[in-house]
Amino acid sequence: MRSRRASAKRKGERLRERYQGQSLARLEDQRFLTGRGTYVANEHVPGVLQAYVLRSPFAFADIVRLNLDAARKIPGVVAVFTEADLAADGIGDLPCVTVIDAAEPIVVPPRPALARGVVRHVGDPMVLIVAESPEAAMAAGEAVDISYEARPCVTAATAALQPGAPPIWPEAPGNSAFLFQKGDAAAVAAAIASAAHVVECDLFNNRVVAAPLETRAAIGFHDRKTDRFLLSVTGQAVHDTRRVLANSVFKIPVEHLRVVVPDVGGGFGMKNYVYPEYALVLWAARKLGRPVRWVSERAEDFVSSAHGRDFFSRARLALDRDGRFLALEVKAVANMGAYLSTSGPISSTNAAGSAIGGVYDIPSVFYEVRGAFTNTPPIDAYRGAGKPEANYLIERLVNLASVRAGIDAIKLRRRNIIRKFPHRTAMGMKIDGGRFGASLDDAMELADLDGYPKRRKQSGKAGLLRGIGMACFLETSRGALNEFARAAFEADGTVSLAVGTQSNGQGHETAYPQIAADLLGLPISAFRFRQGDTDLLPGGNGHGGARSMHMGGAALVMAVEKLIAKGRLIAAHLLQAPVDQVAFVDGRFVVDGTERGIEIGKVADAARNPANLPDGLTRGLEGDATNGSDLYNFPNGFHFAEVEIDPDTGVVRLDRYTIADDFGSLINPRVALGQVHGGVAQGIGQALLEHVVFDPEGQLLSGSFMDYALPRAQDLPVFAGGLNNSEPTKANPLGVKGTGQAGSIAAPQTIMNAVLDALSPLGITELDMPATPFLVWRAIQAARANSRSQPL
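The rules behind the values
- Residues numbered from 1 in each chain as written.
- Predicted model: local features only at pLDDT ≥ 70, side-chain atom pairs only at ≥ 80, totals over all residues.
- Heavy atoms only, no water.
- Helix = DSSP H or I, 4+ residues; strand = E, 2+ residues; numbered from the N terminus.
- Rg over C-alpha atoms; globule rule 2.2 N^0.38 Å.
- Buried < 20%, exposed > 50% of the residue type's maximum accessible area, 1.4 Å probe, protein only.
- pLDDT = per-residue confidence, 0-100.
- Contact = heavy atoms within 4.5 Å.
- Axes fitted to C-alpha atoms, helices over the stretch in contact; angles between N-to-C directions.
- Parallel < 35°, antiparallel > 145°, perpendicular 65-115°, else oblique.
- Left-handed = near helix turned anticlockwise from the far one by under 90°.
- Nonpolar A, V, L, I, M, F, W, Y, C, P; charged D, E, K, R; others polar.
- Phe/Tyr/Trp six-rings, centres within 6.5 Å; stacked < 30°, edge-to-face > 60°.
- Lys NZ or Arg CZ within 6 Å of the ring centre and 35° of its normal.
- Pairing = 2+ DSSP bridges.
- 1 Å grid on protein atoms, 1.4 Å probe; cavity = no way out; pocket = protein on both sides within 12 Å on 5 of 7 lines; lining within 4 Å.
- Points joined across faces, edges and corners; volume = space filled by probe spheres on them.
- Salt bridge = Lys/Arg side-chain N within 4 Å of Asp/Glu carboxyl O.

Draft legend 1. Representation of the overall build of the chain within the structure. Looking only at helices and strands, the chain has 20 helices and 31 strands in total. In summary, the chain has a C-alpha radius of gyration of 28 Å against a globular reference of 28 Å for 792 residues, a match within 12%. Judged by the C-alpha coordinates and their principal axes, the chain covers about 100 × 75 × 50 Å. Here the chain, with 792 residues, has 60% of them falling under the buried criterion.

In structure tokens:
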């Protein structure tokens, strides 16, 4: 098909400027900033009941007595339910749908929507209360008479795997959830045995909460006439949610459940999954004949939503005498929490395994990770999903290797960066290209390395320790296979775009129309973007893995091309010309070598009348497509950070941060850069502030924003540098590489390398995240005490 701009010659006509590549203001922001966003919590639903979930205050306990009589007598209470009520109606358990090639079979223990006699983490749901108001439901929760018999608990994954640890599930001996292995163990062992240098370190990737601005929420509806459910939910993947709930929980045909997602106030992966509350509001709506809404409180979200990271690794890197990397071995333990979440094991297995080794040419790699059950909320994918863990450990190792081998950290990286493409990694990933070395050059220039000695001297005069850190990153971006899209002209002349991805802040309402506007030669105001409804498309895999433009954008290109192909047939019929002489150029179908043509909007109007159609075509002008590509793209880059540390207080101040990233073609550079800045901010939070902490009884000590520190504006420097678009990927027709996760993948190790550089004069070479004032101060005090104890 000759399409878009390439074919017909239009006498001296100047084609309009492309939308792709322009930093347009986000179209959706007008709605958000004027208070017209639609969220589950403020959705007006006549007659809706309010749900409250009573949760376990114990990390591990048997429920020995449960009396609901007083709760049911609270004015305004409609019903109080327990797991026995769910079982009586045949409601199934929540599944884990992750498929991994495990060395030892994966253990998936039962996860009922309400606890079945035993609670296994603080926040485990036990009782569902439905009332006319949230206040009545909460009052009934306080009136529930319940007694427990506490059991010993364990919250750390490494401790859970030790002999004698409290057994959490009878199905999981030794609390092991799975064992995953990838790579060539024998080749790695041989390389390590013969290496000139072997560096080893233990690293902990701290547990974090996603903490989106909007907490989780859901409304369940049930139509008794049609026996069809409707779930309105703060989610990121409507079709996956529908499949899990219909197939495993309610055991009904998927057509009997519609899932819709209105505007979403952030997700970061945490809203991808199916939670007990979603099943509960649907079931209660059917049971009571009225819609039921549940909205999580912030403290409730801390103990009931999936957490991220919590990953311990012991890594070894082998080098030859010239500092070339020979082999990498990683043996890790991943905390899974008390249950396997919907996609729980994926982050620490397939996802991390794809990025182990980062941007470096390492001939042999072996990766092993064991999942562990603990008495904590379940772990699942959080922004980056395994790629931050993989990149963190290799970049920390490279810095340590530069010290041990006596080779400058930049020279060591440059010596080992992948330079020839396509490149097949030791883990089997085929990288089609990238600016690995060029991004390093860019970052060095942007970071003003020549001025660093002067800045360090000035910090020293102020009594501060200054350090500079650097790190490369590599993401393997694709997410779930398959994506769906539809483009159609509507009766009012607008073009509706429906894509199976899901925005929760990424600017899809702007980026997708930018793509379609260029393809169809129409102004961006002509488009209406639609998402988040299982009735729109036959499928869709939502958000996750920085996949939207790579998978969804490519699907949209295919759908629009099908629309144009159909329009070309109709236009040829209307213009009475052979189809092979009709081309589509800048919004018009034209006949080659003539002045005859017709605008696509008029073709769409004509297509509504069957009399205007050639034989075999249906009414309307539309195109549907499925993108079944299994190709990955590889966002990459190089970051620098500079920190100042007050040795008397341990306070770390991030003074400078430089970004040099390769994301291929950019649909909207401003939106892409905003995504990167947001990711970096989350990486800064993990490196310096954020940490989920439990006490020995499994109580969450960092269960609110009083104790769990998110980065604020004062914690962030002005970011330097930006994004390079000179190396488009060949993995999709747009040439784009995923931007949504990269910042959170790159920032933690960049900052921690800077912190350790600042502390290096004190002999401090190891420190785990987060580098909070107390932990840094403690490390400084220990180093000073050790220095004083050394003989002269």
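Draft legend 2. Representation of unusual backbone geometry. F421 connects to P422 through a cis peptide bond whose omega is -5°. Mapping P422 onto the fold places it in the loop between α12 (409-416) and β19 (423-424). P770 follows M769 through a cis peptide bond whose omega is -5°. The residue P770 is located in the loop between α19 (742-759) and α20 (773-789) in this model. Phi is positive for A211, close to 50°, though the residue is something other than glycine. Position of A211 among the secondary structure elements: in the loop between β10 (208-209) and β11 (217-223). With a phi angle near 60°, F268 is a residue other than glycine that sits in the positive phi range. F268 gets classed as partly exposed once you look at its relative accessible area, which sits at 24%.

Draft legend 3. Just the confidence of the model for the chain, in detail. In this model, the chain carries an average pLDDT of 95, and 98% of its residues clear a pLDDT of 70 or more. Confidence drops under pLDDT 50 across residues 1-14; counting only partners more than four residues distant or on other chains, this segment forms 37 contacts.

Draft legend 4. Representation of the packing of helix α10 (residues 347-355) against helix α11 (residues 387-405) within the structure. As a packed pair, α10 and α11 sit with axes 7 Å apart at the nearest point and diverge in direction by 45°. When the axis of α10 is compared with that of α11, the two are oblique. When you trace α10 past α11, the crossing you get is right-handed. Residues A351, A352, S354 and A355 of α10 form the contact with α11, whose participating residues are K387, A390 and N391. The residue makeup of the contact of α10 with α11, split by class, is four nonpolar, two polar and one charged.

Draft legend 5. A look at the environment of G174. With respect to the helices and strands, G174 occurs in the loop between α5 (157-160) and β8 (176-183). Residues G174 and L161, spaced 13 residues apart in sequence, show a C-alpha to C-alpha distance of 5.7 Å. Leaving out residues up to four positions away in the same chain, G174 has contacts with A160 and L161.

Draft legend 6. Expanded view of the packing of aromatic side chains. Enumeration according to the criterion identifies 14 aromatic pairs in this entry. Between W169 and Y339, the ring centres sit 5.6 Å apart and the planes meet at 65°, which makes this aromatic pair edge-to-face. Placement of W169 in the loop between α5 and β8 and of Y339 in the loop between β17 (325-337) and α10 is noted, with a sequence separation of 170 residues between them. For the pair formed by W169 and Y339, the shared burial category is buried. A network of ring pairs unites the aromatic residues F302, F705 and Y708 as a single cluster. Cation over ring: R120 sits above W169, and NZ or CZ is 3.5 Å from the ring centre. The positively charged end of R216 is found above the aromatic ring belonging to Y275, 3.7 Å away from the centroid.

Draft legend 7. The arrangement of helix α7 (residues 238-250) in detail. All buried positions along α7 are accounted for by V238, H239, T241, R242, V244, L245, A246, V249 and F250. Looking at the packing, one finds that the buried side of α7 touches β12 (228-233), β13 (257-260) and α8 (276-288).

Draft legend 8. The sheet that holds β11, seen in detail. Spatial strand order, β3-β6-β1-β14-β11-β12-β13: seven strands in an open sheet with mixed pairing. The open sheet has two edge strands with one neighbour each: β3 (77-81) and β13. Strand after strand, the sheet turns through a mean of 20° between neighbouring axes, direction not considered. As paired elements, β3 and strand β6 (residues 125-131) share four bridges and run antiparallel to each other. Following the sheet pairing, V80 is matched in β6 by I129. α7 rests against β12 and β13 of the sheet, and its axis sits at about 145° to β13. Taken strand by strand, α8 contacts β1 (49-55), β3, β6, β11, β12, β13 and β14 (292-295), and its axis lies near 30° from that of β11.

Draft legend 9. Looking closely at the sheet that holds strand β7 (residues 145-150). Reading across the sheet, the three strands line up as β5-β2-β7 and stay open at both edges, with antiparallel pairing between neighbours. The outermost strands of the open sheet, each flanked by one partner alone, are β5 (118-119) and β7. With two bridges joining them, strand β2 (residues 61-67) and β5 adopt antiparallel strand pairing. What sits directly across from A61, in β5, is V119.

Draft legend 10. Expanded view of the layout of surface pockets. In this structure, the second largest pocket occupies an estimated 450 Å³ of space. If you trace the second largest pocket, you find 21 residues lining it, with N399, L400, S402, V403 and D757 closest to the centre. Those elements that provide at least two residues to the lining of the second largest pocket are β9 (197-205), α11, α12, β21 (465-474) and α19. In terms of residue count, the dominant contributor to the lining of the second largest pocket is α11 (six residues). Class assignment of the residues belonging to the lining of the second largest pocket gives a composition of eleven nonpolar, five polar and five charged.

Draft legend 11. Quick peek at the pairing of strand β29 (residues 636-645). In terms of residue burial, β29 counts as a mostly covered element, since ten of its ten residues are buried. Burial along β29 is two-sided: N636, F638, F640, E642 and E644 facing one way and G637, H639, A641, V643 and I645 facing the other are all buried. Bridge count for β21 against β29 is ten bridges, and the pairing is antiparallel. Considered in β29, the bridge of F473 is made with G637. When β29 meets strand β30 (residues 652-662), the two strands line up antiparallel, connected through ten bridges. The residue bridging G637 from the neighbouring strand is D661, located in β30. Connecting β29 to the antiparallel partner β30 that follows it, the hairpin turn spans six residues, and G650 within it adopts a positive phi of roughly 80°.

Draft legend 12. Expanded view of the pattern of salt bridges. Tallied over the entire structure, the rule returns 40 salt bridges. Two residues, E329 and R316, come together in a salt bridge whose shortest N-O distance is 3.0 Å. Within this pair, whereas E329 is found in strand β17, its partner R316 is found in strand β16 (residues 311-319), the two being separated by 13 residues in sequence. You can call R316 partly exposed: its relative accessible area is 26%. For E395, the salt bridge identified is with R413, shortest N-O distance 2.8 Å. On the criterion of sequence distance, the pair formed by E395 in helix α11 and R413 in helix α12 is long-range, its members being 18 residues apart. Using a relative accessible area of 1% as the deciding quantity, one classes E395 as buried. Counted as one network, the salt bridges with shared partners bring together D448, R455, R466, E642, E644, R653, D655 and R656.

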